Amino acid sequence: MDTRGPKAPGGDARRDTAENLFQELQEHFQALIATLNLRMEEMGSRLEDLQKNVNDLMVQAGVEDPVSEQGARASLGN
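Quick caveat: nothing in here was measured; it's all calculated off a predicted structure. (Residues numbered from 1 in each chain as written. Predicted model: local features only at pLDDT ≥ 70, side-chain atom pairs only at ≥ 80, totals over all residues. Heavy atoms only, no water.)

Observations regarding the overall build of the chain
Here is step 1 of the chain: A count of helices and strands for the chain gives 2 helices and 0 strands.
Here is step 2 of the chain: With 78 residues in all, the chain has 4% of them scored as buried.
Here is step 3 of the chain: By element, 58% of the accessible surface of the chain is carried by carbon and sulfur atoms, the whole surface being about 7,000 Å². (Helix = DSSP H or I, 4+ residues; strand = E, 2+ residues; numbered from the N terminus. Buried < 20%, exposed > 50% of the residue type's maximum accessible area, 1.4 Å probe, protein only. Areas by Shrake-Rupley, 256 points an atom, 1.4 Å probe, with all protein chains shown as cover.)

As for helix α1 (residues 11-61)
Here is step 1 of the chain: In this model, α1 (51 residues) spans 73 Å end to end at C-alpha, consistent with the 75 Å of a helix rising 1.5 Å per residue.
Here is step 2 of the chain: G62, located one to two residues past α1, shows a positive phi value of around 90°. (Expected span 1.5 Å × (residues − 1).)

Brief notes about the pattern of salt bridges
Here is step 1 of the chain: Under the defined criterion, the tally for this structure stands at 3 salt bridges.
Here is step 2 of the chain: Here D12 ties to R15 by a salt bridge, and the two come within 3.0 Å at their closest N and O atoms. Here D12 and its partner R15 are both found in helix α1, 3 residues apart, which amounts to about one turn of the helix.
Here is step 3 of the chain: When the shortest N-O distance is used, the salt bridge between R15 and E19 registers 3.7 Å. Residue R15 and its partner E19 are located together in helix α1, separated by 4 residues, close to a single helical turn.
Here is step 4 of the chain: Judged by relative accessible area, which is 32%, R15 ranks as partly exposed.
Here is step 5 of the chain: Several salt bridges converge on common partners, so that one network encompasses D12, R15 and E19. (Salt bridge = Lys/Arg side-chain N within 4 Å of Asp/Glu carboxyl O.)

A look at a nonpolar patch on the surface
Here is step 1 of the chain: Together, F29, L32, I33 and L36 line one region of the surface with nonpolar side chains, adding up to about 360 Å² of accessible area.
Here is step 2 of the chain: With relative accessibility at 46%, the residue L32 sits in the partly exposed group. (Patch = residues over 30% accessible without salt bridge, like charges linked within 9 Å, V, L, I, M, F, W, Y side chains within 5 Å.)

Shown next, in the form of structure tokens:
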């Protein structure tokens with residue numbers, strides 16, 4: 001037994017169109033999520049490289065506390 005109620009004229013076509021639209025939106029959303037995840041991973045890698053370069057420059061400049069150590073102490077409340 002069909003629990004969707006009485007069928008309206010053209011109801012199957014509308015339902016099919018809606019399902020197709022929903023499927024397309026879902027595919028686009030999944031692609032967007034994949035793109036965002038990739039870009040976030042790339043940005044994380046760039047940030048790590050930047051922090052390493054800043055630390056290297058600080059060591060070359062004779063600064064005793066690299067950025068990562070300063071951040072660790074700040075997070076500990078020292």
